[in-house]
Amino acid sequence: MENRTEVQQHNKEEIPKEAIRIRPMVVEDIPMVVAIEEVSFPTPWTTESFVSELKDNNLARYYCLEINNKVIGYMGLWLVIGEAHITNVAIWPGCRGQGWGEYLMLNVMNEMRKLGISSITLEVRVSNTTAQNLYQKLGFKPAGLRKRYYSDNMEDAIIMWAHL
Ligand SMILES: CC(C)(COP(=O)(O)OP(=O)(O)OC[C@H]1O[C@@H](n2cnc3c(N)ncnc32)[C@H](O)[C@@H]1OP(=O)(O)O)[C@@H](O)C(=O)NCCC(=O)NCCS
């Protein structure tokens, strides 16, 4: 994708605030979102799954983090009876480790709070300590295991919850 190399340059400290935006995902974002998804997950969601989420799932909310109009990350949730279930969150590899994931999640969690959502949950691979560290920093606590949850390697998932 032609804009990949451009988004790799972004260091959070050097970006003016007005260049940073979190906004609802639209169908036009999907190629970049799928590109990030494919380098982030062993069983990535397809273009069709994102299209279906945006068009057919009334419970779904998807957000993009963009810098200078280029998407560098995204986050999805399902809103179910006062709770938010995070479906996916990822940052373009060249932009990781600079606070963008935390920034995206904090802002989306604030948005959920404004919508009256009282708690938020997710599943994370036992081996994904990077994501677990991020979630713990944001107030998520482990609340159980889903055994053999991931079909690619039968890895267990840790269920985590946070109050908003
Ligand atoms: C998980 C992910 C979204 C984090 O985004 P990020 O922008 O790299 O994270 P941030 O720079 O905002 O870091 C926030 C916190 O996460 C943790 N963290 C980030 N990178 C880490 C690393 N390499 N090792 C350990 N902890 C790390 C730290 O707690 C960090 O806080 P600190 O900087 O005060 O130590 C990103 O690594 C990613 O896209 N991974 C692939 C997809 C994925 O695993 N998604 C989660 C599925 S459940």
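Below, the structure is looked at part by part. (Residues numbered from 1 in each chain as written. Predicted model: local features only at pLDDT ≥ 70, side-chain atom pairs only at ≥ 80, totals over all residues.)

1. Focus on the site of the ligand
Okay, so step 1: Residues in contact with the ligand amount to 18 residues; listed here are only the nearest, Arg 96, Gly 101, Glu 102, Asn 133 and Leu 134.
Okay, so step 2: A per-element tally of the shell around the ligand places helix 5 (residues 129-137) first, with 5 residues.
Okay, so step 3: Of the residues that constitute the shell around the ligand, the class distribution is 7 nonpolar, 8 polar and 3 charged. (Near = placed C-beta within 6 Å. Helix = DSSP H or I, 4+ residues; strand = E, 2+ residues; numbered from the N terminus. Nonpolar A, V, L, I, M, F, W, Y, C, P; charged D, E, K, R; others polar.)

2. Observations regarding unusual backbone geometry
Okay, so step 1: Positive phi values are uncommon outside glycine, yet Ile 81 reaches one of about 35°.
Okay, so step 2: On the secondary structure map, Ile 81 appears in the loop between strand 3 (70-80) and strand 4 (83-91).
Okay, so step 3: Even without a glycine there, the phi angle at Met 154 is positive, about 60°.
Okay, so step 4: Following the sequence through the fold, Met 154 ends up in the loop between strand 6 (141-146) and strand 7 (157-163).
Okay, so step 5: The exposure class of Met 154 is exposed, given the 9 C-beta atoms found within 10 Å. (Buried ≥ 20, exposed ≤ 12 C-beta atoms within 10 Å, placed from the backbone.)

3. Observations concerning the nonpolar core
Okay, so step 1: In terms of nonpolar packing, the biggest core is built from 36 residues, with Val 33, Ile 72, Tyr 74 and Met 75 touching the most fellow members.
Okay, so step 2: Looking at this core, the element that brings in the most residues is helix 4 (residues 100-114), giving 6 residues. (Core = buried A, V, L, I, M, F, W, Y, C linked by C-beta atoms within 7 Å.)

4. What to know about the packing of helix 2 (residues 30-40) against helix 3 (residues 47-56)
Okay, so step 1: Closest axis-to-axis distance for the helix 2/helix 3 pair is 10 Å, and the angle between their directions is 125°. Classified by the interaxial angle, the pair formed by helix 2 and helix 3 is oblique. Crossing hand, helix 2 versus helix 3: right-handed. Across the interface between the two elements, Ile 30, Val 33 and Val 34 from helix 2 touch Thr 47, Phe 50 and Val 51 from helix 3.
Okay, so step 2: Across the contact of helix 2 with helix 3, the residue classes tally to 5 nonpolar, 1 polar and no charged. (Axes fitted to C-alpha atoms, helices over the stretch in contact; angles between N-to-C directions. Parallel < 35°, antiparallel > 145°, perpendicular 65-115°, else oblique. Left-handed = near helix turned anticlockwise from the far one by under 90°. Contact = placed C-beta atoms within 7 Å.)

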